[in-house]
Amino acid sequence: MLEVGWYSTKLLLKGKLLRNPFYFFRQVALATAVGALILIIMAQMETTLLFPIIISSLATGIAMPFLLKDVKLK
């Protein structure tokens, strides 16, 4: 299992894993920005930092499969 992950990471860094790497990084950046925005907005509320972290992580984790459903591998 670790060997497959390591091999995939090496291919990703060499640029040989994804057909359209710009699309992949754009979608990841979009999900990260949405998660950071949710975290910043919720952190301004008068609650502990635990709840905004949980909610923003959940929202980002739920959004990722929908954003990355069209990613094509070589």
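You'll find the structure just up there.
Computed from a predicted structure; not experimentally measured. (Residues numbered from 1 in each chain as written. Predicted model: local features only at pLDDT ≥ 70, side-chain atom pairs only at ≥ 80, totals over all residues. Heavy atoms only, no water.)

**Q** Help me understand a nonpolar patch on the surface, please; the structure alone is not making it clear to me.
**A** A grouping of L50, F51, I54, I55, L58, I62 and F66 is seen on the molecular surface, where their side chains present a nonpolar patch of about 720 Å² in accessible area. Note that I55 resides in helix α3 (residues 50-67). Take I55: its relative accessible area is 41%, and that puts it in the partly exposed class. (Patch = residues over 30% accessible without salt bridge, like charges linked within 9 Å, V, L, I, M, F, W, Y side chains within 5 Å. Areas by Shrake-Rupley, 256 points an atom, 1.4 Å probe, with all protein chains shown as cover. Salt bridge = Lys/Arg side-chain N within 4 Å of Asp/Glu carboxyl O. Helix = DSSP H or I, 4+ residues; strand = E, 2+ residues; numbered from the N terminus. Buried < 20%, exposed > 50% of the residue type's maximum accessible area, 1.4 Å probe, protein only.)

**Q** Would you explain helix α1 (residues 2-14) in this entry?
**A** Note: α-helices contain 3.6 residues per turn, so residues at a spacing of three or four share the same orientation. Taking 1.5 Å per residue, 13 residues should reach 18 Å; α1 reaches 18 Å between its end C-alpha atoms and fits that length. Counting buried residues along α1, only 1 of its 13 residues qualify, which leaves the element largely exposed. Of the residues one or two after α1, G15 is the one with positive phi, at around 85 degrees. (Expected span 1.5 Å × (residues − 1).)

**Q** Can you walk me through the side chain of T60 in this structure?
**A** Along the polypeptide, T60 turns up in helix α3. Contact partners of T60, with chain neighbours within four places excluded, come to A31 and G35. (Contact = heavy atoms within 4.5 Å.)

**Q** I would appreciate a short explanation of the side chain of Q27 in the present structure.
**A** Mapped onto the fold, Q27 is located in helix α2 (residues 21-43). Within the local environment of Q27, its side chain forms a polar contact with the backbone oxygen of L67, the two atoms lying 3.1 Å apart. Those residues in contact with Q27 that sit more than four places away from it in its chain are L67 and L68. (Polar contact = N/O pair within 3.5 Å; in protein donor to acceptor, adjacent residues only side chain to side chain.)

**Q** Before we go on, may I ask you to explain the packing of α2 against α3 in this structure?
**A** Packed helix pairs are characterised by how far apart their axes lie and by the angle those axes make with each other. Remark: α2 packs on α3, axes separated minimally by 9 Å, with the N-to-C direction vectors making an angle of 155 degrees. Here α2 is positioned roughly antiparallel relative to α3, judged by the angle of their axes. Relative to α3, α2 is oriented so that their crossing is right-handed. Taking contact as the criterion, the partners of Y23, Q27, V28, L30, A31, G35, I38, L39, M42 and A43 in α2 are, on α3, F51, P52, I53, I55, S56, A59, T60, M64 and L67. Of the residues assigned to the contact of α2 with α3, the class counts are 15 nonpolar, 4 polar and no charged. (Axes fitted to C-alpha atoms, helices over the stretch in contact; angles between N-to-C directions. Parallel < 35°, antiparallel > 145°, perpendicular 65-115°, else oblique. Left-handed = near helix turned anticlockwise from the far one by under 90°. Nonpolar A, V, L, I, M, F, W, Y, C, P; charged D, E, K, R; others polar.)

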